[in-house]
Amino acid sequence: MTGADTILVIDHADALTAARNANSVARIIDDLASSSSVVLLLTTRSKHTAPYFVTQVVSVSTLERKDARKTFQSVCPQHIPTEIIDELLDGVDNHPLSVNIIARKAAQHEWSGAELLSAWKTNQAALLENGEGKSRSLRATVELSLNAPSVIALGDDARKLLGIIAFFPQGLKTMRVKALYPSATADVDALCAHSIIHCEENRFTMLTPVRLYLGHKAPNPDAGLLNTIRNIYYKELSGPIERRRALVEAEDVNVERLIDFDFNRAINLHDSSRACVSFMDSLAICKPRVTILTTRLEELPMRSSGILAKVTGRPAKSKAVSLRMKTLLVTSAGTLASSIRRSTLTSTFLRTLFVR
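Residues numbered from 1 in each chain as written. Predicted model: local features only at pLDDT ≥ 70, side-chain atom pairs only at ≥ 80, totals over all residues. Heavy atoms only, no water.

Please set out the sheet that holds strand β4 (residues 198–199) residue by residue, giving values where relevant.
Adjacent strands of a sheet form backbone hydrogen bonds with each other and so pair up, either parallel or antiparallel. The antiparallel open sheet is built from three strands, whose spatial order is β3-β5-β4. Because the sheet does not close on itself, it has two edges, and the strands there are β3 (172–173) and β4. Sheet topology note: the β4/strand β5 (residues 203–205) ladder contains two bridges and is antiparallel. Residue pairing for β5: His198 is matched across the bridge by Thr205. (Pairing = 2+ DSSP bridges. Helix = DSSP H or I, 4+ residues; strand = E, 2+ residues; numbered from the N terminus.)

Spelled out as structure tokens, the structure:
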């Protein structure tokens, strides 16, 4: 920047170049850039909208854990235990804006660590709002990207696609996205160009804060797209054991999310219960861990038998599971619990061998 009289910063430049008068804006930027006395600094979420004259592109990655922790502690003066800070940082992927908003809100309310953690677990999306403007609100910065003319031009299908990707915590594999609708691949590529989502190890996903916001804004994803993924997951869970285990190894959190959603809304309980049995049996072998489904299945209503219905005069419930299915669910939950205990005991034993 030696010799320049002016440094001009244009924030969110992709929004300007996607506007209706984009050609005029581009000419103005070109004229400014041609001046030897002006240095332009453009920020953009899109990797493909940088003008031809740009001489250096700097990718801004998310914060490292230690830097995110320092940022939080510099904004929030009261003592918050490190383990609580780290749990919050995990919850927002060390996203700078989210870290800043949560820290400021904790400082304003003078929350203790326990109070801050309680607020986070109660309503994560609300904790990421602290006023108006994109420096104080996750909503404002996400909506800025969603309302870019080039994103709006993608149409309703792209919006629905964002919702289904946000619904699944692990994102969606490329082959799952392709199955949704004919232009889904083109849409995810466009959304990646705007950095609303990103591709990671052949999987389309998004930053956790963005997922939290979109999930809060539209908690129920498009029924048609969700049913497509449901059919894929449930079919694989009913397939050969190798296929079931491969699914659980790679997408266990997604499958858990879907079954939990179906249980909560009593959607096709017979199929979702069968999927749950298969999922927990595979989880017990591949990834023994606690799952919310063991709690959910206890709350499932049980259908009266045909004979009992005739005796009592009460029709069998359509949104309920049979006694046989409930028994299978409880048995699978017990198998999983035993596997978790064995895994814990084994880990404890191995640690004692190497601790002097």
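Outline the pattern of salt bridges, listing residues and values.
Per the stated rule, a full pass over the model turns up 14 salt bridges. Note that Asp67 and Lys66 form a salt bridge whose closest N and O atoms lie 3.6 Å from each other. Assessed through its relative accessible area of 51%, Lys66 is described here as exposed. The shortest N-O distance in the salt bridge between Arg289 and Asp252 comes to 3.0 Å. Separated by 37 residues along the polypeptide, Arg289 in the loop between α16 (269–286) and α17 (293–298) and Asp252 in helix α15 (residues 241–264) bring together distant segments of the chain. Judged by its relative accessible area of 21%, Arg289 falls in the partly exposed class. (Salt bridge = Lys/Arg side-chain N within 4 Å of Asp/Glu carboxyl O. Buried < 20%, exposed > 50% of the residue type's maximum accessible area, 1.4 Å probe, protein only.)

Residue-level account of the packing of aromatic side chains, with values.
What the rule picks out here adds up to three aromatic pairs. Residues Phe167 and Phe261 carry aromatic rings whose centres are separated by 5.2 Å and whose planes lie at 90° to one another, so their mutual orientation is edge-to-face. With Phe167 in helix α10 (residues 156–167) and Phe261 in helix α15, this pair connects stretches of sequence that are 94 residues apart. For Phe167, a relative accessible area of 4% puts it in the buried group. Classification of Phe261 as buried rests on a relative accessible area of 6%. With a centroid separation of 5.9 Å and an interplanar angle of 90°, the aromatic rings of Phe168 and Tyr233 are classed as edge-to-face. (Phe/Tyr/Trp six-rings, centres within 6.5 Å; stacked < 30°, edge-to-face > 60°.)

Account for the side chain of Thr291, naming residues and giving values.
On the secondary structure map, Thr291 appears in the loop between α16 and α17. Setting aside residues up to four positions removed in sequence, Thr291 forms contacts with Glu256, Phe279, Leu283 and Leu336. (Contact = heavy atoms within 4.5 Å.)

Help me get a handle on the packing of helix α8 (residues 138–146) against helix α13 (residues 208–217), residues and values and all.
One way to put it is that α8 packs onto α13 with a least axis distance of 10 Å and a crossing angle of 85°. Between α8 and α13, the angle is such that the two are roughly perpendicular. The segment α8 lies against α13, with Leu138, Arg139, Val142, Glu143 and Leu146 engaging Pro209, Val210, Tyr213, Leu214 and Lys217. (Axes fitted to C-alpha atoms, helices over the stretch in contact; angles between N-to-C directions. Parallel < 35°, antiparallel > 145°, perpendicular 65-115°, else oblique.)

Report on the packing of helix α4 (residues 82–91) against helix α6 (residues 113–122), specifying residues and quantitative values.
Running from N to C, α4 and α6 point in directions that differ by 20°, and their axes come no closer than 10 Å. Judged by the angle between their axes, α4 and α6 are roughly parallel. As α4 runs across α6, the sense of the crossing is left-handed. Across the interface between the two elements, Ile84, Glu87, Leu88 and Gly91 from α4 touch Gly113, Ala114, Leu116, Leu117, Trp120 and Lys121 from α6. Broken down by class, the residue content of the contact of α4 with α6 amounts to six nonpolar, two polar and two charged. (Left-handed = near helix turned anticlockwise from the far one by under 90°. Nonpolar A, V, L, I, M, F, W, Y, C, P; charged D, E, K, R; others polar.)

Give a description of the environment of Pro301 that names residues and reports values.
Assignment of secondary structure puts Pro301 in the loop between α17 and α18 (306–312). As a C-alpha pair, Pro301 and Leu269 span 32 residues in sequence and 9.9 Å in three-dimensional space.

Report on α16, specifying residues and quantitative values.
Since one α-helical turn is 3.6 residues long, residues separated by three or four positions face the same way. A rise of 1.5 Å per residue sets the reference length of α16, with its 18 residues, at 26 Å; its end C-alpha atoms lie 25 Å apart and thus fit the reference within 8%. Counting buried positions over the 18 residues of α16 gives 13, a clear majority of the element. (Expected span 1.5 Å × (residues − 1).)

Account for unusual backbone geometry, naming residues and giving values.
A positive phi angle, close to 50°, is found at Glu201, a residue other than glycine. Counting through the fold element by element, Glu201 comes out in the loop between β4 and β5. Take Glu201: its relative accessible area is 76%, and that puts it in the exposed class. Even without being glycine, Ala266 reaches a positive phi, approximately 50°.

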